[in-house]
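A closer look at the structure
Given next are the chains, with one letter for each unit.
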Amino acid sequence: MGFLFAARGCVAAAALLCVILPCHAKLSTRFYARTCPNVEAIVRSVMAPAVAAEPRMGASIIRLFFHDCFVNGCDASILLDDTPTFTGEKNAGANVNSVRGYEVIDAIKARVEASCKATVSCADIVALAARDAVNLLRGPTWNVPLGRKDSRTATQSAANANLPGPGSSAASLVSAFAAKGLSAREMTALSGAHTVGRARCLFFRGRIYGETNINATFAAARRRTCPQAGGDGNLAPFDDRTPDAFDNAYYTNLVARRGLLHSDQELFNGGPQDALVRKYSGNGKIFAGDFAKAMVKMGGLMPAAGTPTEVRLNCRKVN
Ligand code: HEM
C-alpha cells in the first residue's frame, strides 16, 4: 500500500516535472516490431525516390523534424492544417512559405495506413523520414526510438516563441537549445544540418551586405542572386560546394567565414563554440556521431504532461 502510494507519488512528481522542464519520452526502437514490422521499409520506400527526384527534399524533411520537436515536443503538431476555427504552426513566422515536405509525409502516411491501420503516429513517421533523409544524402544513420503520439492541438504562438531566428546571437542559440534540454555541443552538432538545403535571400541579406566576419569572394557570389532590394525569395545553398551531401562542410565553411546565415557564423566568431567547430571541420566522423546522438535526443522531446494525444489517421487533421 505504502509502496503503491510512493509509486503514484513518483508518477505525479514526474508529470509535474514535465510541466516545468522539457520532457524526454520513453521510446523503443522495437515499438512497432509486432504491430507494424515493415514501417521502416515503408518510410524508406517513399523517401528514397523523393530524395532522388529532388535532393533538397531531404533537407526539407530534416528541418520539418526540427521544427516539430522544438514546439511542444515531437508530436506532429506542425502537420496540422489551419482551419477557419483553428490556427496551428504552419503559418508561424519560421514555417510559412518555408517549411516543405508535407506532401511526402502524407504519401508515407497513406502507405503506412494501408499496411498497419491506425497504428503508427505521424510524429514517428517524421522521425524516421528525417533519419532516412540524412542517410539518403550520404550522411550517417542510426536507430530511431519510436512510440510517439500525435498531438490534438498546436499553437502558432509557441512556434513563434520557440524556433530560433537567423539573426540570433551565439548566446541566444545556446539558451534556445538549453530550454529544450540540449547542450551547446548538441546545438552546434545539430546546426551541421545546414550542410544541406537552401535559404532565402531575405534571411541572409543582412549578412552579405552588412557583416565583416565573411569571406569577400563568398559574399560577392551570394550578392549576385540576392540584391539589396527585391528577390527576397531567391534561394542560395547553405554549402555551395557540396550542397546536397550530408558531410561536415558546414564547419569547414564556417572556419573559412563562409557561413550563410548570421546565426551560422555566430558559431565561429571568436566565441566558445569555435573549438568544436574546428574539431568537426577536421573530423567528419566525430561530427556524424555527435549529430546522430543529438537527433535521437532531440527526437525524445515530448509534449507537456496532460497534452491530449492520439495516433492521427490523416497527419493534417485530428481524428
Ligand atoms: C540553430 C538555430 C537555427 C536557425 C537560426 C535556423 C534557421 C534556418 C533558416 C532561416 C533557414 C532557411 C529558411 C528559408 O529560407 O525559408 C533554415 C533552413 C534549414 N534548416 Fe535551419 N536553423 C537552425 C537550426 C537547424 C537545425 C537544428 C536543423 C536540423 C537538425 C536545421 C535544418 C535546416 C535545413 C536542413 C534547412 C534547409 C531546408 C530546405 O532547404 O528546405 N536547422 N534554417
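Quick caveat: nothing in here was measured; it's all calculated off a predicted structure.

1. Notes on the overall build of the protein chain
Each helix and strand counted, the protein chain has 14 helices and six strands in total. Its C-alpha atoms give the protein chain a radius of gyration of 20 Å, near enough to 20 Å, the size a compact globule of 319 residues would have. Reported as C-alpha extents along the three principal axes, the dimensions of the protein chain are approximately 70 × 45 × 40 Å. Across the 319 residues of the protein chain, 48% fall into the buried class. If you take every contact in the protein chain between residues at least 6 apart in sequence, the share linking residues at least 24 apart comes to 76%. Counting every atom, the protein chain has about 14,200 Å² of accessible surface; 58% of that belongs to carbon and sulfur. Mean positive and mean negative side-chain charge positions of the protein chain (37 and 25 charges, respectively) differ by 3 Å.

2. Let's talk about the confidence of the model for the protein chain
Residue-level pLDDT values for the protein chain average 94, and 92% of them are 70 or greater. Per-element confidence in the protein chain ranges from a low mean pLDDT of 42 for helix α1 (residues 2–20) to a high of 99 for helix α5 (residues 122–136). Under a pLDDT of 50 for its full length, residues 1–20 has, in the predicted model, six contacts with residues more than four places off or in other chains.

About the criteria used
- Residues numbered from 1 in each chain as written.
- Predicted model: local features only at pLDDT ≥ 70, side-chain atom pairs only at ≥ 80, totals over all residues.
- Heavy atoms only, no water.
- Helix = DSSP H or I, 4+ residues; strand = E, 2+ residues; numbered from the N terminus.
- Rg over C-alpha atoms; globule rule 2.2 N^0.38 Å.
- Buried < 20%, exposed > 50% of the residue type's maximum accessible area, 1.4 Å probe, protein only.
- Contact = heavy atoms within 4.5 Å.
- Areas by Shrake-Rupley, 256 points an atom, 1.4 Å probe, with all protein chains shown as cover.
- Lys, Arg positive; Asp, Glu negative; His and termini not counted.
- Charge placed at Lys NZ, Arg CZ, Asp CG, Glu CD.
- pLDDT = per-residue confidence, 0-100.

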